Amino acid sequence: MSANWKANQRRLAPWLFLAPGLIMFLIYVIIPIFQSMWLSFYDWDGLGAKTWLGLENYRELVDDDAFYTSLKNNVIWLLLYMISVPAGLLIAIFLNQTIGGMRLYKSLFFFPFVISQVVVGLMFSWFYAPNFGLFYNLIEWVTGTGIAILAEDKYVTYGIIAAGLWPQIAYVMILYLTGLNNVAPDQVEAARLDGARGWKMLWYVILPQLRPATFIAVVVTVIGALRSFDLVSIMTDGGPYGSSRVLSFYMYEQALSEYGYRMGYGAAIAVVLFAIMMVFISGFIWKMWRDETER
């Protein structure tokens, strides 16, 4: 009896430690996901009675030009945000060298990560500002004509993405710096004895050991690109003329802003955003799993 009790204790102990986190995850993540899916089938202003609409909210999305603009901008965000993964890796490799004053360089590269997104948005708004912004004056000095990035619908999304990449690259750099500390030095030395240098060393020796860091970096970058709300809200509020909207901001506009209070329609946008996020993350997880099983 005592032997069985001890064995059960060993099996139960991990689950007891995990239980608080699992309960919180269930209450604040899993249940709200299904509640949002259910709400997307209703017309609701957040206060009154819900009215069942079925798939009507999704049918309206199909004919909504603002939705397609937001979706296109999210795709641009996603593609350009992936620059942060190789950029963060290269900076991490540079900062991993044993050079005098490297701690100062690390702190400078780490600095963007600790700044609030609101502050980053304000800084870049001033950076792009006509007449006194550094970027505006630099372009004016080079070409003779300044460009108001945040006022041009052709450039505004790219300007906001550039602001978002600054702290995102710093975050990815931190992930890779942590991963580089766990790289096996004996494998590196063995590769050097075999004549591996430069890109061969990076590709065949370093990167395979950085797969956990790469997985986290890609997942966090995809999530960051698709939930890009704060910078859009601070820098342009979706303008000019709605050209810088993304799905998360459009969801907020429809569900919670003074122009909306359409909770069901906002939930439908949230479901689409969640589905896109899950497709990309699930695809990357499957690829990682396949690579691991083929080894």
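Residues numbered from 1 in each chain as written. Predicted model: local features only at pLDDT ≥ 70, side-chain atom pairs only at ≥ 80, totals over all residues. Heavy atoms only, no water.

Residue placement: S84 occurs in helix α4 (residues 84–95). Within the local environment of S84, its side chain forms a polar contact with the backbone oxygen of Y81, the two atoms lying 2.7 Å apart. (Helix = DSSP H or I, 4+ residues; strand = E, 2+ residues; numbered from the N terminus. Polar contact = N/O pair within 3.5 Å; in protein donor to acceptor, adjacent residues only side chain to side chain.)

At a minimum axis separation of 7 Å, helix α5 (residues 102–114) and helix α8 (residues 156–181) run at an interaxial angle of 120°. For the element pair α5 and α8, the recorded crossing hand is left-handed. The segment α5 lies against α8, with F109, F110, F111, P112 and F113 engaging W166, P167, A170, Y171, M173 and I174. Of the residues assigned to the contact of α5 with α8, the class counts are 11 nonpolar, no polar and no charged. (Axes fitted to C-alpha atoms, helices over the stretch in contact; angles between N-to-C directions. Left-handed = near helix turned anticlockwise from the far one by under 90°. Contact = heavy atoms within 4.5 Å. Nonpolar A, V, L, I, M, F, W, Y, C, P; charged D, E, K, R; others polar.)

It is worth spelling out the packing of aromatic side chains at this point. Any two aromatic rings considered together are summarised by their centre-to-centre distance and by the angle between their planes. Evaluated as defined, the whole model comprises 19 aromatic pairs. Ring geometry for F41 against Y58: centres 6.0 Å apart, planes inclined by 50°, an arrangement best described as tilted. Note that F41 is positioned in the loop between α1 (2–39) and β1 (42–43) and Y58 in helix α2 (residues 56–62), a separation of 17 residues in sequence. Looking at F41, the relative accessible area reads 23%, which means it is partly exposed. (Phe/Tyr/Trp six-rings, centres within 6.5 Å; stacked < 30°, edge-to-face > 60°. Buried < 20%, exposed > 50% of the residue type's maximum accessible area, 1.4 Å probe, protein only.)

Together, F110, F111, F113, V114, V118, V119, L122, M123, W126, F132, W166 and I234 line one region of the surface with nonpolar side chains, adding up to about 1100 Å² of accessible area. The biggest single contributor to the nonpolar patch is helix α6 (residues 117–128), with 5 residues. Tracing the backbone shows I234 in helix α12 (residues 230–235). Looking at I234, the relative accessible area reads 32%, which means it is partly exposed. (Patch = residues over 30% accessible without salt bridge, like charges linked within 9 Å, V, L, I, M, F, W, Y side chains within 5 Å. Areas by Shrake-Rupley, 256 points an atom, 1.4 Å probe, with all protein chains shown as cover. Salt bridge = Lys/Arg side-chain N within 4 Å of Asp/Glu carboxyl O.)

Let us now look at unusual backbone geometry. Here the residue pair G239 and P240 is connected by a cis peptide bond, since its omega of -5° sits within 30 degrees of zero. With respect to the element layout, P240 can be found in the loop between α12 and α13 (247–255). Here the phi dihedral of N131 falls at roughly 75°; this positive angle occurs in a residue that is not glycine. You can see N131 is positioned in the loop between α6 and α7 (134–143). Residue class for N131 comes out exposed when judged on its relative accessible area of 65%. Phi angles above zero are rare outside glycine, and Y241 is one such case at about 55°. Tracing the sequence through the fold places Y241 in the loop between α12 and α13. On the basis of relative accessibility, which here comes to 86%, the residue Y241 falls in the exposed class.

Moving on: the pattern of salt bridges. Summed over all chains, the structure comprises 3 salt bridges. Its salt-bridge partner being E56, residue R59 comes within 3.4 Å of it at the nearest N-O pair. Here E56 and R59 lie together in helix α2, a separation of 3 residues that amounts to about one turn. Taking the relative accessible area as the measure of exposure, E56 reaches 39% and is therefore partly exposed.

Time to look at the nonpolar core. The biggest cluster of nonpolar side chains holds 62 residues, and the ones touching the most others in it are W77, I160, Y176, I206 and M235. Among residues more than four places away in sequence, those in contact with W77 are T157, I160, I161, A225, S228, L231, V232 and V246. (Core = buried A, V, L, I, M, F, W, Y, C linked by side-chain atoms within 4.5 Å.)

Purely geometric stuff here, so don't read any function into it on its own.
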